[in-house]
Amino acid sequence: MDLEKERASMVEHQLRRRGIGDSRVLAAMGEVPREAFVPEAEKRYAYVDGALPLSHGQTISQPLMVAMSVEALRLQGDETVLEIGAGSGYQAAILSKLAKKVYAIEIIPDLVANARRVLDSLGIDNVEIICADGRKGWPEGAPYDGIVVAAAAEEVPPALVEQLKEGGRLVVPVGGRWGQALQASRKRHGKLETEELCRCVFVPLVHGS
Ligand code: SAH
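All of these numbers come straight from a predicted model, not from anything done at the bench.

Participant: Would you explain the site of the ligand in this entry?
Facilitator: As a matter of local geometry, the ligand sits amid 25 residues, with Ser88, Glu106, Asp133, Gly134 and Val206 nearest to it. Separating a nitrogen atom of the ligand from a backbone N or O atom of Gly134 is a distance of 2.8 Å. Take Val206: an N or O atom from its main chain is 2.7 Å from a nitrogen atom of the ligand. Here the ligand, which alone exposes 580 Å², has 99% of that area covered by the protein. If you list the elements that add at least two residues to the shell around the ligand, you get strand 2 (59-60), helix 4 (90-98) and strand 4 (101-106). Across the shell around the ligand, the residue classes tally to 14 nonpolar, 8 polar and 3 charged.

Participant: I'm lost on the nonpolar core in this one. Help?
Facilitator: Proteins that are soluble and globular tend to have nonpolar side chains buried together. Ranked by internal contacts, the top residues of the largest apolar core, which has 53 residues, are Leu15, Met29, Tyr90 and Ile94. If we skip the residues at most four places from it in the chain, Met29 touches Arg7, Met10, Val11, Leu15, Pro63, Val66, Ala67, Tyr90 and Ile94. Counting residues in each nonpolar core, the second largest holds 16 residues, with Ile84, Ile130, Tyr144 and Ala151 among its members.

Participant: I would appreciate a short explanation of the environment of Val38 in the present structure.
Facilitator: Within the secondary structure, Val38 is located in the loop between helix 2 (23-31) and strand 1 (52-53). Spatially, the C-alpha atom of Val38 lies 9.2 Å from that of Thr59, the residues being 21 residues apart in sequence. Setting aside anything within four residues of it in sequence, one finds Val38 in contact with Lys43, Ala46, Leu52 and Ile60.

Participant: What exactly am I supposed to notice about helix 1 (residues 3-15) here?
Facilitator: Residues that lie three or four places apart on an α-helix share one face, since the helix turns once every 3.6 residues. Taking 1.5 Å as the rise per residue, helix 1 with 13 residues should run 18 Å; its terminal C-alpha atoms sit 17 Å apart, in good agreement. Of all the bends in helix 1, the greatest, near 25°, is centred on Ser9. For helix 1, the complete set of buried residues consists of Leu3, Arg7, Met10, Val11, Gln14 and Leu15. Looking at the packing, one finds that the buried side of helix 1 touches helix 2, helix 3 (63-71) and helix 4. The N-cap of helix 1, judged by a side-chain oxygen 3.1 Å from the amide nitrogen of Glu4 a few residues on, is Asp2.

Participant: When you look at the pattern of salt bridges in this model, what are you seeing that I'm missing?
Facilitator: Two side chains with opposite charge may pair up if their charged atoms get near one another. In total, this model carries 8 salt bridges according to the counting rule given. Between Arg7 and Glu35 there is a salt bridge whose closest N-O contact spans 3.2 Å. Taken as a pair, Arg7 in helix 1 and Glu35 in the loop between helix 2 and strand 1 lie far apart in primary sequence, 28 residues in all. Given a relative accessible area of 7%, Arg7 falls into the buried group. Among the residues examined, Glu35 registers a relative accessible area of 14% and is labelled buried. A salt bridge links Glu12 to Arg17; the shortest N-O distance between them is 2.9 Å. Judged by its relative accessible area of 22%, Glu12 is partly exposed. What you see here is one network of salt bridges that share partners, running through Glu12, Arg16 and Arg17.

About the cut-offs
- Residues numbered from 1 in each chain as written.
- Predicted model: local features only at pLDDT ≥ 70, side-chain atom pairs only at ≥ 80, totals over all residues.
- Heavy atoms only, no water.
- Near = heavy atom within 4 Å.
- Polar contact = N/O pair within 3.5 Å; in protein donor to acceptor, adjacent residues only side chain to side chain.
- Areas by Shrake-Rupley, 256 points an atom, 1.4 Å probe, with all protein chains shown as cover.
- Helix = DSSP H or I, 4+ residues; strand = E, 2+ residues; numbered from the N terminus.
- Nonpolar A, V, L, I, M, F, W, Y, C, P; charged D, E, K, R; others polar.
- Core = buried A, V, L, I, M, F, W, Y, C linked by side-chain atoms within 4.5 Å.
- Buried < 20%, exposed > 50% of the residue type's maximum accessible area, 1.4 Å probe, protein only.
- Contact = heavy atoms within 4.5 Å.
- Expected span 1.5 Å × (residues − 1).
- Bend = angle between axes of the 7 residues up to and from the residue.
- Salt bridge = Lys/Arg side-chain N within 4 Å of Asp/Glu carboxyl O.

So, in structure tokens, the structure goes:
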């Protein structure tokens, strides 16, 4: 099993040939070892074309969903970005290659600790993983050039729109428990202009206490 070859093949077959065109996104997906973020028992499946289980009933998103979400932020490299639902930290690691500073919020303390450990082990130092309820955003780092939500929301949390810069982009799966639309929006004159990227299934964005 050669995980590096599998990673290169994942980028070509699961991403580039399915329409991911941003060369920086493809390079980041080709660089970050997904196997470092999945549980030991799943490592050999690190590059399968789907989501994989994490602990606490959570999942690490399908590579294509990560690539579509981060591509829609249209990052150039000098942005400050907020991720809601850091989970394993994989998408945060991808974002670390595409933006200047990443704040990643995760509500389950064990997952926060694990994501921090893995990011440290890879020498990624521009990501802050924060244990909090991401529905409130993270005012300390605001305003953001981009916000990406990796859990399904019934509606877009208003705090996220507030904390987004004018002209900034927001990507969020919106819908019910069993299916959502991945929405990509741009903030213009204080309001979101939204397009639907695809249908998707994310774990729910839960309400914190
Ligand atoms: N981006 C992750 C996958 C996330 S799965 C990765 O790359 O691995 C969605 C995550 O959202 C889960 O870990 C879940 O615990 C978290 N989550 C759910 N509701 C949340 C909330 N209100 N605030 C922060 N995180 C939340």
